[in-house]
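# Reading the structure
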Amino acid sequence: MNNRRGILIRSREQTIAEVFSSQWDNGEIKEVLRDNWQDIAFFTIRGDTIVVSALPNVGGDRQQHHRSGFELFGRRYYGDALIIAGENRDTLQITPPEIVSDIRFFQED
C-alpha cells in the first residue's frame, strides 16, 4: 500500500498532526478536513500544496465565517488545512518542524 503523508492543521484546536492516504483525491481531502463547504482551494506553499476551504480563503467578506486560522510562511489562512506533496511528487518538501517553528495561530473576535 502506498501511503502518502500529509500534515493536517486544525486552527480551533491549534494542533498539527501527520495523516496518511493512499491517494489524496478531493473526496479524501474533504473527509480529512471535515469540510462543510462544497469547494476547496489549492495553493502552492514551498513546493507543496496546501488545501483549505475555498469559501473563507478566496477573500472578501467571506472570511467572516471563520474566526480562527493561522499564518504560515507569510500567508494567512482561515479554518483548517491539509498540506500534501506538490504535483508529481510523493514526498513533502516541508517538514513538521518547519511548520511548528513558523506557524502562528490566531483567533479573531
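Computed from a prediction, not measured in an experiment: that's the story for all the values here.

### Some thoughts on the sheet that holds strand S8 (residues 104–107)
The strand order across the open sheet built from three strands is S6-S5-S8, with neighbouring strands paired in antiparallel fashion. If you trace the sheet from one side to the other, it starts and ends with strand S6 (75–78) and S8, each paired once. Here the strands of the sheet are splayed against their neighbours by 25° on average, with no regard to which way each runs. Sheet analysis places strand S5 (residues 68–72) next to S8, joined by four bridges and oriented antiparallel. Opposite Gly69, over in S8, you have Phe106 as the bridge partner.

### Some details on the confidence of the model for the chain
Considering every residue of the chain, the mean pLDDT works out to 86; 87% of them sit at 70 or more. The spread of mean pLDDT over the elements of the chain runs between helix H2 (residues 54–57), the lowest at 77, and strand S7 (residues 81–84), the highest at 95.

### What to know about the sheet that holds strand S1 (residues 4–10)
One open sheet accounts for five strands, arranged S2-S1-S7-S4-S3; its pairing is antiparallel. Sheet topology places strand S2 (15–21) and strand S3 (40–45) at the edges, where each strand pairs with a single neighbour. On average, each strand axis in the sheet is tilted by 25° relative to the strand beside it, whichever way the strands run.

### Thoughts on the nonpolar core
Considering soluble globular proteins, one finds that nonpolar side chains tend to be buried as a cluster. If you look at the biggest cluster of nonpolar residues, it comprises 17 residues, and the most contacted ones within it are Ile9, Ile50, Phe70, Leu72, Ile83 and Ile99. It is S3 that provides the largest number of residues to this core, a total of three residues. With sequence-adjacent residues up to four places away left out, Ile83 is seen in contact with Gly6, Ile7, Ile9, Asp48, Thr49, Ile50, Leu72, Leu92, Ile94 and Ile99. Val19, Val32, Leu33 and Val51 belong to the second-largest nonpolar core, a separate cluster that totals 10 residues.

### Considerations on the pairing of S1
Judged by how many residues are buried, S1 sits mostly within the fold: five of seven residues are covered. The pairing of S1 with S2 spans seven bridges and is classified as antiparallel. Its bridge partner lying in S2, Arg4 is registered against Ser21. Hairpin connection of S1 to S2: four residues between the antiparallel strands, including Gln14 at a positive phi of 55°.

### Overview of the pairing of S7
Burial along S7 is two-sided: the face carrying Ala81 and Ile83 and the face carrying Leu82 and Ile84 are both buried. Sheet analysis places S1 next to S7, joined by four bridges and oriented antiparallel. When the bridges of S7 are listed, Ile7 appears paired with Ile83. Strand direction decides the pairing type here: strand S4 (residues 48–53) and S7, joined by four bridges, are antiparallel. Each residue of the ladder has a partner; that of Ile50, found in S7, is Ile83.

The rules behind the values
Residues numbered from 1 in each chain as written. Predicted model: local features only at pLDDT ≥ 70, side-chain atom pairs only at ≥ 80, totals over all residues. Heavy atoms only, no water. Pairing = 2+ DSSP bridges. Helix = DSSP H or I, 4+ residues; strand = E, 2+ residues; numbered from the N terminus. Axes fitted to C-alpha atoms, helices over the stretch in contact; angles between N-to-C directions. pLDDT = per-residue confidence, 0-100. Core = buried A, V, L, I, M, F, W, Y, C linked by side-chain atoms within 4.5 Å. Buried < 20%, exposed > 50% of the residue type's maximum accessible area, 1.4 Å probe, protein only. Contact = heavy atoms within 4.5 Å.

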